[in-house]
Amino acid sequence: MAVITEIRISGDRAKRLSMNLGFSNTAIADAVGFTGGIWVMWNDQEIHCDILDLSFASRKTLINSVVETIPSHVMHYNFLPITTLKSIDRLSRDFLWGSTSDRRKLHVVNWCKVTKGKKLGGLGIRSMQKLNLVSMAKLSWPLHQNDHSPWTRVLRSHYNFSHPNNSNCSSTWRGIQKGHSLLLRGSRSLIGDGFSTSFWFGNWTGDGPLRSLIIGPLNWKEDEVLVRDCWDRFSWNLYPISFALPPPHLDKILSTNVQWFSPRSDCLIWNLSCTGEFTSKSAYNFLTLNTPTAPFTSWSWIWKLSYTPRIQHFFWLLAQFRLPTRDILHSRRVCPSPFCAWCDLSPESSSYVMRDCSRASSIWGFLNFPITSQTSPFATWLRDNFNTSGYHPCGASWRTIFPFACWFIWRHYNEGFFENNSSHSGWQANIG
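Residues numbered from 1 in each chain as written. Predicted model: local features only at pLDDT ≥ 70, side-chain atom pairs only at ≥ 80, totals over all residues. Heavy atoms only, no water.

Draft legend 1. Inspection of the overall build of the protein at higher detail. Counting its regular elements, the protein contains 18 helices and seven strands. Taken over 432 residues, the protein has a buried fraction of 43%. Considering only contacts in the protein between residues 6 or more positions apart, those separated by 24 or more positions represent 58%. With the model as given, the accessible surface of the protein reaches about 23,600 Å², and the carbon-plus-sulfur share is 55%. (Helix = DSSP H or I, 4+ residues; strand = E, 2+ residues; numbered from the N terminus. Buried < 20%, exposed > 50% of the residue type's maximum accessible area, 1.4 Å probe, protein only. Contact = heavy atoms within 4.5 Å. Areas by Shrake-Rupley, 256 points an atom, 1.4 Å probe, with all protein chains shown as cover.)

Draft legend 2. Summary view of the packing of helix α6 (residues 128-140) against helix α10 (residues 280-287). Two elements in contact, α6 and α10, have axes whose closest approach is 10 Å; the angle formed by their N-to-C orientations is 130 degrees. Between α6 and α10, the crossing angle belongs to the class labelled oblique. Crossing of α6 against α10: the hand is right-handed. Taking contact as the criterion, the partners of K130, L131, L133, V134 and K138 in α6 are, on α10, S280, A283, Y284 and L287. Residues belonging to the contact of α6 with α10 are distributed by class as follows: six nonpolar, one polar and two charged. (Axes fitted to C-alpha atoms, helices over the stretch in contact; angles between N-to-C directions. Parallel < 35°, antiparallel > 145°, perpendicular 65-115°, else oblique. Left-handed = near helix turned anticlockwise from the far one by under 90°. Nonpolar A, V, L, I, M, F, W, Y, C, P; charged D, E, K, R; others polar.)

Draft legend 3. Region of the structure containing the layout of surface pockets. Space inside the second largest pocket adds up to approximately 570 Å³. Forming the boundary of the second largest pocket are 19 residues, of which H144, L184, S189, S196 and L268 lie nearest the centre. Elements with a contribution of two residues or more to the lining of the second largest pocket: α8 (171-185), β4 (187-190) and β7 (267-270). The element that contributes the greatest number of residues to the lining of the second largest pocket is β4, accounting for three residues. Grouping the amino acids of the lining of the second largest pocket by side-chain chemistry returns five nonpolar, 12 polar and two charged. (1 Å grid on protein atoms, 1.4 Å probe; cavity = no way out; pocket = protein on both sides within 12 Å on 5 of 7 lines; lining within 4 Å. Points joined across faces, edges and corners; volume = space filled by probe spheres on them.)

Draft legend 4. Up close: the packing of aromatic side chains. Scanning the entire structure with this criterion turns up 24 aromatic pairs. On the basis of an interplanar angle of 50 degrees and a centroid distance of 5.5 Å, the ring pair of F199 and W204 is categorised as tilted. In this pair, the class of F199 matches that of W204, namely buried. Between the aromatic rings of F315 and F402, the centroid separation amounts to 6.0 Å while the plane-to-plane angle is 80 degrees, which identifies the pairing as edge-to-face. On the criterion of sequence distance, the pair formed by F315 in helix α12 (residues 309-319) and F402 in helix α17 (residues 398-418) is long-range, its members being 87 residues apart. In this structure F315 comes out as buried when scored by relative accessible area, which is 0%. Through pairs of rings, three or more aromatic residues link up here, namely W301, F314, F315, F321, W364, F378, W381, F386, W398, F402 and W407. (Phe/Tyr/Trp six-rings, centres within 6.5 Å; stacked < 30°, edge-to-face > 60°.)

Rendered as structure tokens:
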């Protein structure tokens with residue numbers, strides 16, 4: 001048996017070379033990302049070797065533990081080229097769904113959904129493009145605070161955010177400038193004495209710069225007005241302002257208090273954390289729009305299932321309505337017919353296979369299915385079955401039996417589809 005690493009050869013060329021090395025069997029893992037590929041070769045007469053195929057859950061774990069950690073050190077102080085970041089994302093995407101250089105698999109869930117947090121309907125895999133931008137924003141954050149560490153003093157002495165188009169700047173500063181734009185979108189100025197915040201162009205109300213709310217030119221030198229100029233010791237005095245502001249924004253201004261004699265200057269705070277400090281997690285969620293994927297407002301319940309990761313990830317695909325059923329395969333021109341392989345009466349969707357098909361209904365009836373609302377939306381049906389506090393006659397809670405029953409139906413369906421075993425006999429004994 002021989003194992004060769006860092007081959008840096010893939011595809012047909014790797015197969016041709018491995019066949020000439022004198023071994024009866026060869027398993028090839030093509031180069032992915034920063035790894036150069038692995039060849040495992042052995043002779044059947046001397047050793048027995050089984051190559052296990054990784055499950056969907058295992059591939060996701062490997063992406064989180066390997067692919068994300070290798071470039072993370074470099075991304076903390078450099079903004080990598082977009083082509084490099086896209087290549088890493090593409091390799092992660094192909095590995096997750098099982099695609100290789102010579103075999104293409106279906107990517108049934110959009111990558112933007114996959115790279116959301118688990119509570120928002122994703123898998124917790126992070127996009128390298130967004131992660132690199134968040135790292136640059138994190139590096140930019142100390143430059144806006146009263147941070148007097150040596151590296152911030154060096155950068156402040158050489159560069160200025162007010163002059164972004166500096167062709168002679170370092171690669172680190174160019175990355176910080178890219179993160180600076182994200183930082184401004186998710187932060188606002190906390191007013192202290194009001195001397196360092198522009199009334200029109202600073203985001204101090206939390207709704208963006210006030211200048212973006214009005215149309216028309218400002219008066220001469222009105223663009224230089226500071227927040228302090230509109231405060232008269234104990235109350236607001238908006239005489240330097242030539243525009244009538246919308247009532248909601250005017251109410252926010254009047255509710256803001258300027259500390260006339262305060263030694264505290266204005267500072268930048270991060271809007272998306274309760275402490276006002278920048279956090280990478282909140283910034284990444286902000287880039288993914290921080291909105292949960294329909295149809296659920298929270299997806300935490302799926303990951304609270306006390307089952308194997310394989311069933312958890314199956315349930316995630318089911319809740320996304322993205323099981324590779326015939327309607328999806330037909331839309332991708334893989335399957336000639338979108339109708340159910342069991343009954344051939346209706347288009348085969350995730351809800352039809354799991355609940356509405358006569359075969360699935362008979363399985364639920366055999367299990368003494370406690371919830372009889374078969375007409376409710378499929379998402380509601382899934383959530384209600386998981387959240388029910390009822391018990392099955394066998395003594396186990398229904399929320400324990402339900403995911404396993406869904407998993408069994410899916411396996412039973414695939415056995416009939418791929419192994420040409422569509423008979424009803426035997427499934428009662430199997431599920432029992």
